[in-house]
Amino acid sequence: MTFIGSAKSSLSLEEDDFLIKQIVLTHDPDGHHIDTELLLHAMETVMSYATISQVFDQHVGAMAESNICNIEVVGSEEPLGHTIYKLSSEILCNCSVGGNTHERTMKLFEMLGHYKWDAKAVLVLSAFATSYGEFWLIMQLYLSNPLAASVALLKQLPNNSRLFKPRFKSLSVLVKTIIDVTKCIIKFEGLPLQHVVVENDAIMVAKSRIYITTYWVIRSALACSSQITDLIALKNMQVHLNSEISASWELSSLVCKLSNISSRLKRQVDLCYQLIETKMHKKLLNLFKEPHIDNREALDMLFASIDNFPLMDCSTKAKIGLSDLKNKVVILLVSNPELLPIEVLLLLVQQMHDHPQRLTLEGRYEVLWIPIPTFDTWTYTEEQIYEFLSKSLPWYTIRQPRSLHPIIVKFIQQEWNFKQDPIMVVLDSQGKITNSNAFDMAMVWGARAYPFSISRENELWGEEAWNFQLLLDRIDPLVANWVEEDQNLCVYGSNNIDWTKEFTDKIRDIINSGLQLKMVYVGNKIPSEQIRSIVATIRDEKLTGSLTFTKINFFWHRLDSMRRSKLRLGCTDDKDQLLKQLLELMDTGENEKGWVLIGRGSSTDMVRLQGREVMECLDLFPEWGENVAVLGLAGAIRTAIEPKPLVAEPCDHSDIIPFVDGLKETVTCAKCKRTLEKFVVYKCNVVE
């Protein structure tokens, strides 16, 4: 018995080797590429609709319907529908005339010689799905639809599908098995073998099994088509138990055959996947740490399984190749398909695309959006949101985001620490990561942050000071002009309309007395419908100046980005005065009571008041108003509200302030609050 079993096994191997040689001779790939995963999903949708007993998810169907139109055949001038139609006609013709099943299968291989193995299988399945779907569409409608009844009559379809229930059940099981096996073929064909060298026999073994598996998938699809053709040929009186048992047995034997093939192939593909993943992960780790001649190799690895034009210009819908990004700084905006809340997204677009400095950079950087679904598969909602945003953004995106390889997605999640919040990973012109997340610096400085590296982030903070220039930069053109003109400003917020009206009444009295002061309402840290209502009241009653509700969001989002940027760089509020002031302002912005921040456009001398002390300060205007010309607005207010020293004797405190161009501020004494007298000190810094 052992000898007989070994002989059978040896014979089977010889038959497989001969079959593989036949199959490979028909294989002549020339760059034809198709989104097989999406096409198979569409085919599954047809099969689900066709199965009467199965409850179908309408969202899944809608997703397939919305995406099937986006499937294109790269490298072929023939439309996808024409290819499927030719295959369907060939299958139906061969099934009608009968003949050798193997020869019919090989005929289809010859027709699909230019395609990859997964495309061969999926295209044949799609062709079968059209005839199978048409058959069931008529069968489901002929009792209630006159047109369907007439077509059924012309086709001489059976008028009682219950007679064929065993056959349909076996057919359904076989189709499900075929789909499962095909997914395994797709998984292997999607492996980025061109980017890593795997010296292992596992790849060669898997390839051999892919050839055999593809053969049996196509042959099984032919068998399914033959069953449909047989039903048309049968008369109702010819249906009997033996014929149905025979048909079910043929289908069940193919299920058994494919199941055995599938289990062996799945183990082999999983082994290959693990080998490739390990190799790619290690290569990616090293790739982004070292500079290269240009960034092409790094980008090639990221889009390993996509065609020659993996990207799309969202504004023009033009296909973009990786060569278009050569020698540019590439900012990879990684997010879920929803990307960002609308106000945050608008601010990011304003900062990164509409920023005036972007024009001076002459396209030296590009933003590339990489959407990653929340779970392993895309939902209908995510598909819809992506379709909308990809037509609205001014950046690049992946033309077929589904084709981003799972190995790459896993690497991004693990090594770049992508969870749910968007990140902006910066690759310099040589493909090296210079910033693992430039999102916050993009929100704060926009194009001014070029080249968006960590060193540039530190440099920018070194140039900043705590003033309105930092807080209000580019939020609103009119307010920006006030800052540039170095005018007195009062930025204030509250979610209480009564407090706001009382405050603005007092401020208008002060302004009418001759004080030059511009007012800007910025709401609170968490803008609400109540804030929106106050903005409308301020506008309608012309109380003071105000940002729009959207720009109020801009203001607070920028502050939050400043906070995160500082903390990410390791700053602490006990050592960094700017961070301390920022955190205090944000805490004030959470207070339900009103608050104000008063100072001059570019001055670092600002006073922050909140709650009761705001009104108390305004009531003291007769006391501090006359000092504004000498001490400045902030200095005058501070002198009035801060406690006076107990002693009145002369004070000998002094401050040494380095001279810079434009220094003209009046400085008050930290001890007695009186105006300091100005002296000039010359110091030699030469060290021998």
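Everything below is about the structure printed above this text.
Conventions used here
Sequence order as written defines residue numbering, which begins from 1 separately in each chain. A pLDDT threshold of at least 70 governs which residues receive local features in this predicted model, and a stricter bar of 80 or more applies before side-chain atom pairs are shown or counted, although totals over entire chains, interfaces and linings include all residues. Side-chain figures throughout are based on the complete set of non-hydrogen atoms in the structure, without hydrogens or water. A run of H or I in DSSP counts as a helix once it spans at least four residues, and a run of E counts as a strand once it spans at least two, with each numbered from the N terminus. When a residue's accessible area, from a 1.4 Å probe over protein chains only, is under 20% of the maximum for its type it is buried; when over 50% it is exposed; and in between it is partly exposed. By definition, residues are in contact when any of their heavy atoms lie within 4.5 Å. Accessible areas in this description were obtained via Shrake-Rupley with a 1.4 Å probe; residue shielding takes into account the shown protein chains only. Salt bridges are identified by distance alone: a Lys or Arg side-chain nitrogen within 4 Å of an Asp or Glu carboxyl oxygen. Only strands that DSSP links by at least two bridges are regarded as paired with each other. Think of each axis as a best-fit line through the C-alpha atoms, taken over the contacting stretch in the case of a helix, with angles from 0 to 180 degrees between the N-to-C directions. Pairs of N or O atoms are called polar contacts if they sit within 3.5 Å, as long as, within protein, a hydrogen donor faces a hydrogen acceptor (for residues adjacent in sequence, only side-chain-to-side-chain pairs). Two cysteine sulfurs form a disulfide in these notes if their separation is within 2.5 Å. To be clear, the arc concerns the directions from the helix axis to the C-beta atoms. For classification purposes, an angle smaller than 35 degrees is called roughly parallel, one larger than 145 roughly antiparallel, one from 65 to 115 roughly perpendicular, and anything else oblique. In this scheme the handedness of a crossing depends on how the near helix is turned from the far one: anticlockwise by less than a right angle means left-handed, clockwise means right-handed. Nonpolar residues are Ala, Val, Leu, Ile, Met, Phe, Trp, Tyr, Cys and Pro. Charged residues are Asp, Glu, Lys and Arg, and all others, Gly as well, are polar.

Colleague: Sorry if this is basic, but what is going on with the overall build of the protein chain here?
Modeller: Counting secondary structure elements, the protein chain contains 26 helices and eleven strands. Counting the 688 residues in the protein chain, one finds 49% classified as buried. Sequence-distant contacts, at least 24 apart, represent 74% of the contacts inside the protein chain between residues at least 6 apart. Accessible surface computed for the protein chain: about 34,700 Å², of which carbon and sulfur atoms make up 54%.

Colleague: What should I look at first to understand the pattern of salt bridges in this one?
Modeller: Close approach of charged atoms allows side chains of opposite charge to pair. This structure, assessed with the given rule, holds 27 salt bridges. Where Arg600 meets Asp486, a salt bridge forms, and the shortest distance between an N and an O atom there is 2.9 Å. Within this pair, whereas Arg600 is found in strand 10 (residues 595-600), its partner Asp486 is found in the loop between helix 19 (477-484) and strand 8 (488-493), the two being separated by 114 residues in sequence. Take Arg600: its relative accessible area is 24%, and that puts it in the partly exposed class. For Asp605, the salt bridge is made with Arg638, and the minimal N-O distance between the two is 2.8 Å. Here Arg638 lies in helix 26 (residues 628-641) and Asp605 lies in the loop between strand 10 and strand 11 (607-610), a separation of 33 residues in the sequence. Residue Arg638 is classed as buried on the basis of its relative accessible area, which comes to 18%.

Colleague: Got a minute to help me understand the sheet that holds strand 11 in this structure?
Modeller: Strand order in the open sheet made by the four strands is 9-8-10-11, with mixed pairing throughout. Two strands bound the open sheet, and with one partner strand each, they are strand 9 (518-521) and strand 11. Within the sheet, the average angular offset between the axes of one strand and its neighbour, ignoring direction, is 20°. Here four bridges tie strand 10 to strand 11, and the two strands are oriented antiparallel to one another. Following the sheet pairing, Leu597 is matched in strand 11 by Arg608. Here helix 20 (residues 497-512) sits on the sheet in contact with strand 8, strand 9 and strand 10, set at roughly 170° to strand 8.

Colleague: Help me understand the side chain of Ser390 in this model?
Modeller: Residue position: Ser390 is located in the loop between helix 14 (380-389) and strand 5 (396-398). Of the residues examined, Ser390 reaches a relative accessible area of 4% and is grouped as buried. At 3.1 Å, the side chain of Ser390 forms a polar contact with the backbone oxygen of Glu387.

Colleague: Could you clarify how one ought to interpret unusual backbone geometry in this entry?
Modeller: The general pattern is negative phi for most residues beyond glycine and trans for most peptide bonds. The amide bond that connects Tyr450 to the next residue, Pro451, takes the cis arrangement and shows omega of 5°. With respect to the helices and strands, Pro451 occurs in the loop between helix 16 (439-445) and helix 17 (454-463). Of note, the phi angle at Glu362 is positive, near 50°, even though the residue is not glycine. Structurally, Glu362 can be placed in the loop between helix 13 (356-360) and strand 4 (365-371). By relative accessible area, which is 71% here, Glu362 ends up exposed. For Asp486, which is not a glycine, the phi torsion comes out positive at approximately 60°.

Colleague: Would you mind going over the state of the cysteines with me for this structure?
Modeller: Note: disulfide means a covalent bond formed between the sulfur atoms of two cysteine side chains. Per the counting criterion, the structure on display carries zero disulfides. Free of any disulfide, Cys184 has its nearest neighbouring cysteine sulfur in Cys272, separated by 9.8 Å. Cys184 gets classed as buried once you look at its relative accessible area, which sits at 9%. Not engaged in a disulfide, the cysteine Cys490 finds its nearest cysteine sulfur in Cys617; these two sulfurs lie 9.4 Å apart.

Colleague: Would you explain the pairing of strand 6 (residues 423-427) in this entry?
Modeller: Looking down a regular strand, the side chains alternate between one sheet face and the other. Burial of strand 6 is extensive: five of the five residues sit out of reach of the surface. The alternating pattern of strand 6 places Ile423, Val425 and Leu427 on one face and Met424 and Val426 on the opposite face, and all of these are buried. In this structure, strand 3 (residues 329-335) lies alongside strand 6, joined through five bridges in antiparallel fashion. Opposite Ile331, over in strand 6, you have Val426 as the bridge partner. Of the pairings in the sheet, the one linking strand 6 to strand 7 (residues 433-435) comprises two bridges and is antiparallel in character. Across the sheet, Val426 pairs through a bridge with Asn435, a residue of strand 7. As consecutive antiparallel partners, strand 6 and strand 7 are separated by five residues, and within that stretch Gly431 has a phi angle of approximately 80°, a positive value.

Colleague: I tried to follow the side chain of Thr544 on my own but got confused; where do I start?
Modeller: With respect to the helices and strands, the residue Thr544 is situated in the loop between helix 21 (529-541) and helix 22 (549-568). In this structure the side chain of Thr544 is engaged in a polar contact, spanning 2.6 Å, whose partner is the side chain of Tyr492. Other than its neighbours up to four places away in sequence, Thr544 contacts Tyr492, Thr504, Met519 and Ile538.

Colleague: Looking at this structure, I do not really get the sheet that holds strand 4. What am I missing?
Modeller: Sheets are built from strands paired through backbone hydrogen bonds, the pairs being either parallel or antiparallel. Strand order in the open sheet formed by seven strands is 2-1-5-4-3-6-7, with mixed pairing between adjacent strands. Each end of this open sheet is capped by a strand with a single partner; those strands are strand 2 (319-320) and strand 7.

Colleague: Looking at this structure, how should I read helix 14?
Modeller: The periodicity of an α-helix, 3.6 residues per turn, causes residues three or four positions apart to be oriented the same way. For helix 14, the full list of buried residues reads Glu382, Glu383, Tyr386 and Leu389. The buried residues of helix 14 occupy an angular sector of 135° when projected down its axis, which confines them to one face.

Colleague: Any chance you could explain the environment of Asp486 here in plain terms?
Modeller: Sequence separation of Asp486 and Arg600 is 114 residues, and the distance between their C-alpha atoms is 5.8 Å. Among the polar contacts made by the side chain of Asp486, one reaches the side chain of Arg600 at a distance of 2.9 Å.

Colleague: Even after reading the chapter, I still don't get the packing of helix 17 against helix 22, so can you show me in this structure?
Modeller: Between two packed helices, what matters for the description is the angle formed by their axes and the separation of those axes. One can describe the packing of helix 17 onto helix 22 by two numbers: an axis separation of 11 Å at closest approach and a directional angle of 115°. On the basis of their axis angle, the class for helix 17 and helix 22 is roughly perpendicular. Relative to helix 22, the crossing made by helix 17 is left-handed. Of helix 22, the residues touching helix 17 (which contributes Ile454, Glu457 and Trp461) are Met562, Ser565, Lys566 and Arg568. Classifying every residue of the contact of helix 17 with helix 22 by side-chain character gives three nonpolar, one polar and three charged.

Colleague: In this structure, what is going on with helix 19? I would like to understand it.
Modeller: By the burial criterion, the buried members of helix 19 are Val479, Trp482 and Val483. Buried positions in helix 19, seen along its axis, are confined to an arc of 100° and lie on one side of it. Across helix 19 from its buried face, at more than 90 degrees, point the exposed residues Pro477 and Glu484. Buried residues along helix 19 sit against helix 18 (468-471), strand 8 and strand 9. Looking at where helix 19 begins, the residue whose side-chain oxygen comes 3.1 Å from the main-chain nitrogen of Leu478 is Asp476. Remark: Asp486 follows helix 19 within two positions and exhibits a positive phi of approximately 60°.

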